[in-house]
Amino acid sequence: MPLSKDALTAPPDPTRAGSLDDLVERMRLLKVWAGNPSYETIKDRVNVAWTAAGRPVAELVCKSTVAYCFRPGRRRLDTDLVVAVVRALHPDTGYVTQWRQALRVIGGEIEAVSQVRVQDSLPQDLAGFTGRTEELDRLRHAVRGGQAVVISAIEGMAGVGKTQLAVHAGHLLHQQQPFERVLFVNLRGFDPDPALPPADPAAVLDGFLRLLGMPGQQIPHTLDARAAAYRDRLTGVRALVVLDNAATTEQVRPLLPATPGCLTLVTSRRSLADLHPTTHLTVDAFTPDEALAYLAQAVPAVPAGADLQAAARIARCCGYLPLALSLIAGHVRNTPGWTLTDHADRLDERHHQRRLDTGVELALNLSYQHLPGDQRRLLRLLALHPGQDSDAYAAAALADTDLATTRTLLGNLHRDHLLQQNTPGRYTFHDLIRAYATSRAADEDPPLARRVALTRLFDHCLGTAAAAMNALYPAEASRRPRIPPAGTPVPDLADPRAALAWLDIDRTTLVAIATHTATHGWATHTTRLSRVLHRYFITNGHLIDALTVHGHACDAARRTGDPAAQGHALTFLGGICGQLGRYETAVVHLRQALALHRKAGDLTGEAGALNNLGNVEQLLGDYRAAGEHIAQALALHRKAGDLVGEAGDLNNLGIVEQLLGNHSLAADHLQQALTLFRQVGNRVGEASALTNLGQGEKALRRYAQAAEYLQEALSLRRQAGYRLGEGWTLDSLGALHVGLAQPREATEHYHRALAIFRETGDRPGEASALNGLGEAAHRAGGPAEALTHHTAAHSAATAIGSPAELARAHTGLGHAHRTLRDPVRARHHYQHALTIYADLGLPEADQIRTHLTALDLTATGRG
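Here the structure is a predicted model, which means the values were calculated and not measured.

> Lay out the overall build of the chain in plain terms, naming residues and giving numbers.
Secondary structure summary: the chain contains 38 helices and eight strands in total. Each of the 863 residues in the chain was classed as buried or not, and the buried ones make up 54%. Long-range pairs, those at least 24 residues apart, make up 66% of the contacts in the chain between residues at least 6 apart in sequence. Here the chain has roughly 36400 Å² of accessible surface; of this, 53% comes from carbon and sulfur atoms.

> An account of helix H23 (residues 543-560) is needed here, citing residue identities and associated values.
The end-to-end C-alpha distance of H23 is 25 Å, a good match for the 26 Å that 18 residues give at a rise of 1.5 Å each. Counting buried positions along H23 yields 13 of 18 residues, so the element is predominantly enclosed. Of the residues trailing H23, Gly561 is marked for its positive phi of about 70°.

> Give me the lowdown on the pairing of strand S5 (residues 262-268), citing residues and values where you can.
S5 sits mainly inside the fold: seven of its seven residues count as buried. A two-sided burial pattern is seen for S5, the buried positions comprising Cys262, Thr264, Val266 and Ser268 on one face and Leu263, Leu265 and Thr267 on the other. Inspection of the sheet shows strand S4 (residues 239-246) paired to S5 by six bridges, in the parallel sense. Looking across to S5, one finds that Ala239 is bridged to Cys262.

> For the confidence of the model for the chain, give the residues involved together with the corresponding values.
Mean pLDDT for the chain: 85, with 89% of residues reaching 70 or above. This stretch, residues 1-7, has a pLDDT under 50; its non-local contacts, to residues over four places away or in other chains, come to four contacts. For residues 149-157, every residue scores under 50 in pLDDT, and the model assigns this stretch 46 contacts once sequence neighbours within four places are set aside.

> Lay out the packing of aromatic side chains with the relevant residues and their values.
Across all of its chains, the model carries eight aromatic pairs by this definition. Judged by centre distance (5.8 Å) and plane angle (75°), the rings of Tyr368 and Tyr436 are edge-to-face. You can see Tyr368 sitting in helix H15 (residues 359-369) and its partner Tyr436 sitting in helix H19 (residues 431-444), a full 68 residues away along the chain. Here the two residues Tyr368 and Tyr436 agree in accessibility, since each one is buried. On the numbers, 4.9 Å between centres and 55° between planes, the contact of Trp728 with Phe757 is tilted. Taken together, the positions of Trp728 in helix H32 (residues 723-739) and Phe757 in helix H33 (residues 743-760) put the pair 29 residues apart, joining distant regions of the chain.

> So what about the environment of Val680? Which residues, and what values?
Turning to its location among the elements, Val680 is positioned in helix H29 (residues 663-680). Setting aside anything within four residues of it in sequence, one finds Val680 in contact with Ala475, Leu643 and Val644.

> Before we move on, could you go through the pattern of salt bridges and cite the residues and values that matter?
Tallied over the entire structure, the rule returns 39 salt bridges. Asp445 is paired through a salt bridge with Arg380; the nearest N and O atoms lie 2.7 Å apart. Taken together, the positions of Asp445 in the loop between H19 and helix H20 (447-472) and Arg380 in helix H16 (residues 373-382) put the pair 65 residues apart, joining distant regions of the chain. Asp545 is the salt-bridge partner of Arg507, the closest N and O atoms lying 2.4 Å from each other.

> Can you break down the environment of Val24 residue by residue, with the values?
Here Val24 lies in helix H1 (residues 20-33). Placed 46 residues apart in sequence, Val24 and Phe70 show a C-alpha to C-alpha distance of 5.7 Å.

> Give me unusual backbone geometry: which residues, what numbers.
The residue Arg701 is not glycine, and still its phi comes out positive at about 65°. Position of Arg701 relative to the elements: it lies in the loop between helix H30 (683-699) and helix H31 (703-720). Although it is not a glycine, Arg821 adopts a positive phi angle of roughly 60°. Checked against the element boundaries, Arg821 lands in the loop between helix H36 (803-819) and helix H37 (823-840). Look at Arg821 and you get exposed, because its relative accessible area is 77%.

> Run through the packing of H31 against H32, naming residues and quoting values.
Pairs of packed helices are described in terms of their axes, by the angle between the two and the distance that separates them. Running from amino to carboxyl end, H31 crosses H32 at an angle of 160°, the nearest separation of the two axes being 9 Å. Classified by the interaxial angle, the pair formed by H31 and H32 is roughly antiparallel. The chirality of how H31 crosses H32 is left-handed. Here Tyr703, Ala706, Ala707, Leu710, Gln711, Ala713, Leu714, Arg717 and Arg718 of H31 come into contact with H32, specifically with Gly725, Glu726, Trp728, Thr729, Leu730, Ser732, Leu733, Leu736 and Gly739. Classifying every residue of the contact of H31 with H32 gives ten nonpolar, five polar and three charged.

> Describe in detail the packing of H36 against H37, supporting the description with residues and values.
Put simply, H36 and H37 touch, their axes get as near as 8 Å, and they point 155° apart. With respect to their mutual orientation, H36 and H37 come out roughly antiparallel. By crossing handedness, the relation of H36 to H37 is classed as left-handed. Note on element contacts: H37 touches H36 through Arg825, Ala826, His829, Tyr830, His832, Ala833, Ile836, Tyr837 and Leu840, opposite Pro803, Ala804, Leu806, Ala807, Arg808, His810, Thr811, Leu813, Gly814, His815, His817 and Arg818. Considered class by class, the residues forming the contact of H36 with H37 number eleven nonpolar, seven polar and three charged.

> How would you sum up the pairing of strand S3 (residues 181-186)? Please name residues and give values.
In regular strands, side chains alternate between the two faces of the sheet. Bridge count for strand S1 (residues 118-119) against S3 is two bridges, and the pairing is antiparallel. Counterpart to Val118 in the pairing with S3 is Val185. Pairing between S3 and S4: six bridges, direction parallel. By the bridge assignment for S4, Leu183 is matched with Val241.

> Tell me about the side chain of Arg717, and name the residues and values.
Tracing the sequence through the fold places Arg717 in helix H31. Nearest to the buried, unbridged Arg717 among oppositely charged side chains is Glu726, at 8.6 Å. Not counting the four nearest positions on each side in its chain, Arg717 is found in contact with Ala687, Ser688, Thr691, Tyr722, Gly725, Glu726, Trp728 and Thr729.

> Can you break down the environment of Pro322 residue by residue, with the values?
Within the secondary structure layout, Pro322 lies in helix H13 (residues 322-333). Among the residues examined, Pro322 registers a relative accessible area of 13% and is labelled buried. Each C-alpha atom, one on Pro322 and one on Lys162, is 9.5 Å from the other, the two residues being 160 residues apart in sequence.

Conventions and cut-offs
- Residues numbered from 1 in each chain as written.
- Predicted model: local features only at pLDDT ≥ 70, side-chain atom pairs only at ≥ 80, totals over all residues.
- Heavy atoms only, no water.
- Helix = DSSP H or I, 4+ residues; strand = E, 2+ residues; numbered from the N terminus.
- Buried < 20%, exposed > 50% of the residue type's maximum accessible area, 1.4 Å probe, protein only.
- Contact = heavy atoms within 4.5 Å.
- Areas by Shrake-Rupley, 256 points an atom, 1.4 Å probe, with all protein chains shown as cover.
- Expected span 1.5 Å × (residues − 1).
- Pairing = 2+ DSSP bridges.
- pLDDT = per-residue confidence, 0-100.
- Phe/Tyr/Trp six-rings, centres within 6.5 Å; stacked < 30°, edge-to-face > 60°.
- Salt bridge = Lys/Arg side-chain N within 4 Å of Asp/Glu carboxyl O.
- Axes fitted to C-alpha atoms, helices over the stretch in contact; angles between N-to-C directions.
- Parallel < 35°, antiparallel > 145°, perpendicular 65-115°, else oblique.
- Left-handed = near helix turned anticlockwise from the far one by under 90°.
- Nonpolar A, V, L, I, M, F, W, Y, C, P; charged D, E, K, R; others polar.
- Lys, Arg positive; Asp, Glu negative; His and termini not counted.

Right, dumping it as structure tokens:
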């Protein structure tokens, strides 16, 4: 029910909010209820309170930041700031506590619904799939008719094999006529873990669009826009989309391709009768004959015993449910010497004692009780894992067993259908089995034992991540926290390629663990994961994952009173926000980090914050401040004896001096940086310095030397797998070819750079590459194409507030309009470019003045 502003006789209740937008609306109403004070007034109240609480000046807020809290459409809120704003509007302790709790609930739910794993292939088919002939025939008929298909069970029915039917049907249909694309997702409609609510369809679409090749930066923010982009990507594509374990029609509808040639299989425990147009299948338990056929195939060598109808009795006791039958079959195989009659008698006995109510519960309990103790224990512990799946090494850490034993146990649990293996070597649960195993863990394992097991798991993940990072980036090992070996089996990650593969596969698990540890008493695991993984995130373009992990690390450090860890997390957050074009937020984070590092006397931390702050200021066009802050960072890194930090500072100072046109000084800084990077063996830094040296040589029109630098940089970045860095080197190579009057080659390099920037979400890089494409088009004599690219660059630069790229876009637009004989528009854009370049103090201002003079001469007939 919508809230009425006229009915506000009391402050709005935050605990009734169901989403972030609901909370924001209640904040707006609270502001009205409190007399509608200005944002300036609220800002002053917050700052007075924070100053009285001992917060440093650097952490105080500005008016625009306060106003931003009241803006709808937010995806995350700063809990501390919102609580402070609420207290400023209504300083009642109980009421403020209600807001804090509401923020915790809503924030946790948003975090959870946004975590979803999508796949571009089907899970493995079930060996020996039995029955469902009628359902499979109907599915084949639906495909011939080009319809979407919904597989729906009776509401509340679980274990009837809906997922296995969908997967088996998908494999059969793919064999008959291969699909061009396959998409699969578990929508978690009925996950037993209350911390994992049904997946947000917007998050699912984000994953699907990435699998379909859409760069992360191009993915729209709204659900409707994502759904439209998704359908557009699937237009004309023969695709299979499997939406497993759906909660509601509302969750499913945005995920339906609704395009000819696309087959959608949806499984749900609820009837989705209002989903049109579809073929509806109500999947029930096996028929008695199907159940008998399944048992005959699953346990063919077990004798019937005295009762020839024993198999029928077993099937009847299992309620003919496929899941129950598969578990009983596993139990039968594990009890040599028993006949089917013995098993049937045992099941009848338990039913008569009314010890369990359903076939699934009966089968689970029997399967579990007859497992060896080590298998039971591993099953319980695996259910505690916060990630969506696990490998043998993680399982060994949980159980504290050797790798060979663990693999045997996992194989046995998988053989007995208690674990699923969607991809080779990765194990997960059916939701009913996870719920059962979790309850067994709560009943059988003391809290301390569960915590010790999880600590071993988190130690393993942290230690393995540290080992992988040391293999990938050995030169920076001293800058990361020293993580001792976990003491449990670990994969061999000495080869950088193996290290990168492990990080890529386990990235979602590491993010889930960082999220879990931050809020369940392992705060130092979160903060150390943040520091260990930062280079991997930024090098490989996982910027949103970086925001998640560093955000949790910052919150965990703040809650536990660890200012040093909070400072590092804020430094990382500021750098990531800068790469994403969120400059104002970046500056706030970095100034907070700077204050924390200075208070702690951490020279290296302070230098890192200063360096990142300088980089953001450079992107904002404040080159004087950027140079000052990076120079301060350089002095601190030298004082601390940090050669890697020193090299990075020199590299960034070189960039600033290049932008200011001081090429000799820039080259001196960059050559020093290159020498240091090579001395410490930092290949990533070496490639960056080479790229910047190439840019400087290109600016001085020493093209041969520029090409040599840039090609060496490109080779290094590709060897290191540094996607984002590769994009910037390609961007520089594009500029080189424009200077060489080779627009075709320039266009190729810029297109490749643009693809990488969009894939990784680097907004400044996107603006640069778009401008480069416009310059290449202009050089090729294509003013109309140049207009298109520079207009797009103008939008990108405006969105992120990049003055240098905005001026570059205006310059390109001026050139294009001048070529198209439109001097009025050309002058308009040149004037804008001149204003920006003059404000920035850049030498390009003189070039623009020359173009404006040429326009004047042409207008007067003297040009």
